[in-house]
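Structure at a glance
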Amino acid sequence: MAASFSFTQIPTVSPLHQNPKKTDKTHEKSPRNTDSEDHVTHLLYNFKAPFELKQVHSHIIKNNLSPTILPLNKVGHICSLSTPVSLSNNFDYARKIFESVDKPEIIIWNSILKDLATGDNPREAILLFTKLRFHDILPDTFGCSFVLKACSLLLSLYTGKIIHGFVLKSGFGPDIFVQNTLIHMYACCGVMGASNQIFHKMDQRDVITYNTMITHNFKIGDYVAGRHLFDEMGERNVTSWTAMIAGYTQLGKPEEAINMFHEMEKAKVRPNEVTVVSVLSACADMGALDLGRKLHLYIKRRGFCSNIRVCNTLIDMYVKCGCLDKAREVFYEMQKRTVVSWSTMIMGLAVHGHGLEAFKLFDKMKEENVRPNRVTFVGILHACSHMGLVEEGLRLFDSMVRDHGLEAEIEHYGCMVDLFSRSGLLKEAREFIDTMPIEPSGAIWGALLGGCRVHKNVEMGEEVIKHLLELEPQNDGYYVVLSNIYAAADRWEDAARVRRLMKERGIRKTPGCSSIVVDGIVHEFLAGDGSHPQAKEIYERWEQLAQELKLEGYVPDTSLVLLDMEEEEKEHSLYRHSEKLAVVFGLMNAPPGKPIRIMKNLRVCRDCHVALKLVSRVSGRQIVLRDRNRFHCFMDGECSCRDYW
Ligand code: ZN
Ligand code: ZN
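Just so you know, these numbers come straight off a predicted model, no measurement behind them.

Points about the overall build of the protein
Counting its regular elements, the protein contains 33 helices and six strands. Compactness check: the protein gives a C-alpha radius of gyration of 33 Å against a globular reference of 26 Å for 645 residues, more than 25% above the reference. Summarising its shape, the C-alpha atoms of the protein cover approximately 105 × 60 × 50 Å along the three principal directions. Buried positions account for 50% of the 645 residues belonging to the protein. Across the protein, every contact between residues at least 6 apart in sequence was considered, and the portion connecting residues at least 24 apart equals 63%. When the accessible surface of the protein is split by element, carbon and sulfur atoms take 52% of a total near 32000 Å². Separation between the mean location of the 78 positive side-chain charges and that of the 80 negative ones in the protein comes to 4 Å.

Considering the packing of helix 4 (residues 72-81) against helix 7 (residues 122-134)
Interaxial distance between helix 4 and helix 7 falls to 11 Å at its minimum, and their mutual angle equals 75°. For the element pair helix 4 / helix 7, the angle class is roughly perpendicular. Residues His77, Ser80 and Leu81 of helix 4 pack against Glu124, Leu127, Leu128 and Lys131 of helix 7.

Looking at the coordination of the zinc ion (ligand 1)
At 2.0 to 2.2 Å from the zinc ion (ligand 1) lie its protein donor atoms, namely His577 (ND1), Cys605 (SG) and Cys608 (SG). Of note, the donors binding the zinc ion (ligand 1) are all from one chain and are spaced H-x27-C-x2-C. Using a relative accessible area of 16% as the deciding quantity, one classes Cys605 as buried.

With respect to the coordination of the zinc ion (ligand 2)
Reference values for angles at a metal are 109.5 degrees in the four-donor tetrahedral case and 90 or 180 degrees in the six-donor octahedral case. Here the zinc ion (ligand 2) is held by His609 (NE2), His632 (ND1), Cys639 (SG) and Cys641 (SG), and the distances to it run 2.0 to 2.3 Å. Metal-centred angles of 100 to 120° between the four donor atoms at the zinc ion (ligand 2) mark the site as tetrahedral. Within one chain, the residues donating to the zinc ion (ligand 2) are spaced in sequence as H-x22-H-x6-C-x1-C. Placement of His609 in helix 33 (residues 606-619) and of Cys641 in the segment after strand 6 (638-639) is noted, with a sequence separation of 32 residues between them.

Focus on the pairing of strand 2 (residues 521-526)
Pairing analysis gives six bridges linking strand 1 (residues 513-518) to strand 2, with the strands arranged antiparallel. In the strand pairing of strand 2, Ser515 is matched with Glu524.

Some words on the environment of His382
Structurally, the position occupied by His382 is in helix 22 (residues 374-387). Linking His382 and Ala546, residues 164 residues apart in sequence, is a C-alpha distance of 34 Å. Setting aside chain neighbours within four positions, we find His382 in contact with Met347, Ala350, Val351 and Cys415.

A few points about the sheet that holds strand 3 (residues 596-600)
Strands sit in the order 2-1-3-4-5-6 across an open sheet of six strands; the sheet is mixed. One side of each edge strand has no neighbouring strand; the edge strands of this open sheet are strand 2 and strand 6. The strands touched by helix 33 are strand 4 (623-626), strand 5 (631-635) and strand 6; relative to strand 5, the strand with the most contacts, the crossing angle is about 40°.

Some thoughts on the confidence of the model for the protein
Scored by pLDDT, the protein has a mean of 86; 91% of the residues are at 70 or more. Confidence over residues 1-32 falls short of pLDDT 50; this stretch has 29 contacts with residues more than four positions distant or in other chains.

Side note on the side chain of His532
Within the secondary structure, His532 sits in the loop between strand 2 and helix 30 (535-551). Within the structure, His532 has its side chain in polar contact with the side chain of His523 (distance 3.1 Å). Within polar-contact distance, the side chain of His532 engages the backbone nitrogen of Gln534 at 3.0 Å. Among residues more than four places away in sequence, those in contact with His532 are His523, Phe525, Ile538 and Phe585.

Rules behind the numbers
Residues numbered from 1 in each chain as written. Chains lettered and ligands numbered in written order. Predicted model: local features only at pLDDT ≥ 70, side-chain atom pairs only at ≥ 80, totals over all residues. Heavy atoms only, no water. Helix = DSSP H or I, 4+ residues; strand = E, 2+ residues; numbered from the N terminus. Rg over C-alpha atoms; globule rule 2.2 N^0.38 Å. Buried < 20%, exposed > 50% of the residue type's maximum accessible area, 1.4 Å probe, protein only. Contact = heavy atoms within 4.5 Å. Areas by Shrake-Rupley, 256 points an atom, 1.4 Å probe, with all protein chains shown as cover. Lys, Arg positive; Asp, Glu negative; His and termini not counted. Charge placed at Lys NZ, Arg CZ, Asp CG, Glu CD. Axes fitted to C-alpha atoms, helices over the stretch in contact; angles between N-to-C directions. Parallel < 35°, antiparallel > 145°, perpendicular 65-115°, else oblique. Donors = N, O, S within 2.8 Å, 3.2 Å for Na, K, Ca; no water. Tetrahedral: all angles 85-135°; square planar, octahedral: opposite > 155°, others 65-115°. Pairing = 2+ DSSP bridges. pLDDT = per-residue confidence, 0-100. Polar contact = N/O pair within 3.5 Å; in protein donor to acceptor, adjacent residues only side chain to side chain.

Spelled out as structure tokens, the structure:
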């Protein structure tokens, strides 16, 4: 025990603070004595106020125990931040205890600052920092860094600047650790200019400096600067690679993210859980199922399966790549699930057309007392839409607001408009839009437009298009839909007028592009494409297939072809649609028995939809098509979208 241990003069328990019942107990003789000891042992780790600490402390002294058994961080925390009357006394009391243990005081305060800055209440770190200054304790570089971290979390630029001033006055300016936290603090508070300034003035930079700069440059969308920093830095660690990959994914550049990941593999850096989550998100966006599967194996190997976030992203990836079975597998194997896991799975089931199963899962989720959130409701409303459950959808929409206190957002309104439109209740859908408290978006009008097309309501279609073109005048897709609506109603002159309008406005139809992955290689097909090495065989095979389909009742829907050409020519133009080429390529090259997975940049057209349903029947293959709006899962002549998209 340290020689300076002289606590006997400190009053043990102030009578003011004493709990009378407990005092009675301490005066009693055994066997109650054990009770009192239990009480002290309990207090040793659970004291919540200085007077309780003093009880423990007097016990330590009486029994000649070492003060090192006291949890020092807690001592400092309770004595400096709890608010009984004599604050300073308590602070000094803590310092006396610190003196009695063989440890520099500043190290203990730093450790407390660190706990507070990274805990639930970073405000307390700032408070403690001011207390230290008040008691003339000079924080060191570590203390400054921790309190700067607290400022970053609180986005407190004002306090951050004060600490920065203190840092400079104290001569800590050149310390790399402090500089790194300053860069982070300014960037978090949205003052990237100040971060850049510090960065450029630094004599020495380490991997943390670069990682921080990269992350924040991506956050403000400057991926060029981010890449430049990455190329410039000497030593890179897994965090540097992850910052790049996550940055690209968040900016909607999944291809770059995946390329970066391949570079990382080449550099033989082992991905961690955060890396895996980012790459999986990129795979989901790209439909890169092969890489997603590889990552799944890696996750199992590294034991990341217990990480809920990893599993949630894995489910999302499988859903978006059209592998519902694998998504289910991951979901059911999870030991613990959050509302995100449930919502992702429900949403996945709904978009793949498994409305009933989505409902079952929704009930199970409630049974397990998981509170649905706004994403859950998007999923379940989607399911209603698929199943044409208008009443149920309305009930859930109301219950979301009334029973769950969730505000209806644009996605929920979109689901409702979709639900009405699908069911042919176009008037109701239109009225619903009028009652919305928020401005309808393109997606809302788009949902109604789908209804107008399917239920052949030309007048409303025209009105809806007006709104859509106001919102997105350059979106060629809307012109195409409108012209198709006219064509389907045999209003050829109007269809021609829309085409002229497109020309006048300089809008060109985005060429359809479909891709399929075979043996890890992405094959892309443009509409009318003849550039693929197997193009000749593909066209020949399609001609054969088309004959088989015609026997099954396929009639090419030439009304969809905008150009004025002969009927036979129109048929051929339809035959060159990119998704047909990709499917035929898949039939020729993908391993037998496996589903054929296609991604398309535009909505699937009606003719291809009919054709692919029949292809799935005559070939006995499952075809999963992910178009711009949704999934179509073709099997045995049916599609999961129930012919509505
Ligand atoms: Zn087509
Ligand atoms: Zn479909």
